[in-house]
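Commentary on secondary and tertiary structure
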Amino acid sequence: MSVTVGVLALQGDVREHLHALDVLGVTAVPVRRVAELAAVEGLVIPGGESTTMDKLLHLFDLADPIRSRISTGMPVFGSCAGMIMLAERVIGGPEGQRTLGGLDITVRRNAFGRQVDSFEEDLTVPTLRDGSARPVRAVFIRAPWVEETGPDVEVLAHTMMGGVGETSHAVAVRQRNLLATSFHPEVGGDLRFHEYFVALVRSSAA
Ligand code: GLN
């Protein structure tokens, strides 16, 4: 079945997500206005800068409409800053940083520290097609990690980059229609996370 997926286009790596969805044969449209939001069956929130995105969401009067779509089950996929926007709780942000919420997780912003601003890691993600056999090459850029998950949150992948002696942190999670990754599946050409998300959108639209 054909579905239309939006990419929140206020800030961040919008084009990469539109391209990934395009490659998968999905109708992908940028979303900047309420009317555009109303026309999509799923939404991607890209990587970028979560505090800037927060300001723009309010400037464009999109925060409440997106929250309301989330609460009525619209599938949303957040990568990196997008994961922060979906988190109920944020550590390491400025006082009072707002998010859209919906995902019962606590994220730590810029969790990996300055010395490892960006890195790549091979992650095993059994949920994805071929996920146990073929790791996902994950690109992390000033990424958050998931510090706590509520009971309804399924952890899809962990990082081993947490530092010596620390427990490994979740970097990909799903709670019903919400999917989030600390890293950027839209760069690097492995589209299995997008494929997984599109399947969520299709089954929720069906
Ligand atoms: N550090 C950014 C933030 O806190 C996220 C970085 C990214 O999306 N690549 O919003």
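This text gives an overview of the structure that appears in the document. Bear in mind the structure is a predicted one, so any value in this text is a computation, not a measurement. Throughout, residues of each chain are indexed from 1 in the direction in which the sequence is written. For this predicted model, a pLDDT threshold of at least 70 governs which residues receive local features, and a threshold of 80 or more governs which side-chain atom pairs are given and counted, while totals over whole chains, interfaces and linings are taken from all residues. Each side-chain value is worked out from all heavy atoms of the structure, with water and hydrogens disregarded.

Quick word on the environment of Glu 49
Labels follow the DSSP assignment, with helices taken as runs of H or I lasting at least four residues and strands as runs of E lasting at least two, numbered in each case from the N terminus. Assignment of secondary structure puts Glu 49 in the loop between strand E3 (42-45) and helix H3 (50-59). Given a relative accessible area of 26%, Glu 49 falls into the partly exposed group. It only takes one pair of heavy atoms within 4.5 Å for two residues to be counted as in contact. Apart from the residues lying within four places of it in its own chain, the contact partners of Glu 49 are Gln 11, Ala 81 and Arg 109. Throughout, exposure labels follow a simple rule: accessible area from a 1.4 Å probe, protein chains only, divided by the maximum for the residue type, with under 20% read as buried, over 50% as exposed, and the rest as partly exposed.

What about the pattern of salt bridges?
Between side chains of opposite charge, pairing is possible as soon as their charged atoms come close. Each reported salt bridge corresponds to a side-chain nitrogen of Lys or Arg within 4 Å of a carboxyl oxygen of Asp or Glu. Inspection of the entire model under this criterion finds twelve salt bridges. The closest approach of N and O atoms between Glu 36 and Arg 33, which form a salt bridge, is 3.9 Å. By relative accessible area, which is 56% here, Arg 33 ends up exposed. In this structure, the salt-bridge partner of Arg 137 is Glu 120, at a minimum N-O distance of 3.0 Å. Pair noted here: Arg 137 is in strand E8 (residues 136-141) and Glu 120 is in strand E7 (residues 118-123), with a separation of 17 residues, a long-range link. By relative accessible area, Glu 120 is classed as partly exposed at 43%. Each of Glu 120, Asp 122 and Arg 137 takes part in one network of salt bridges that share partners.

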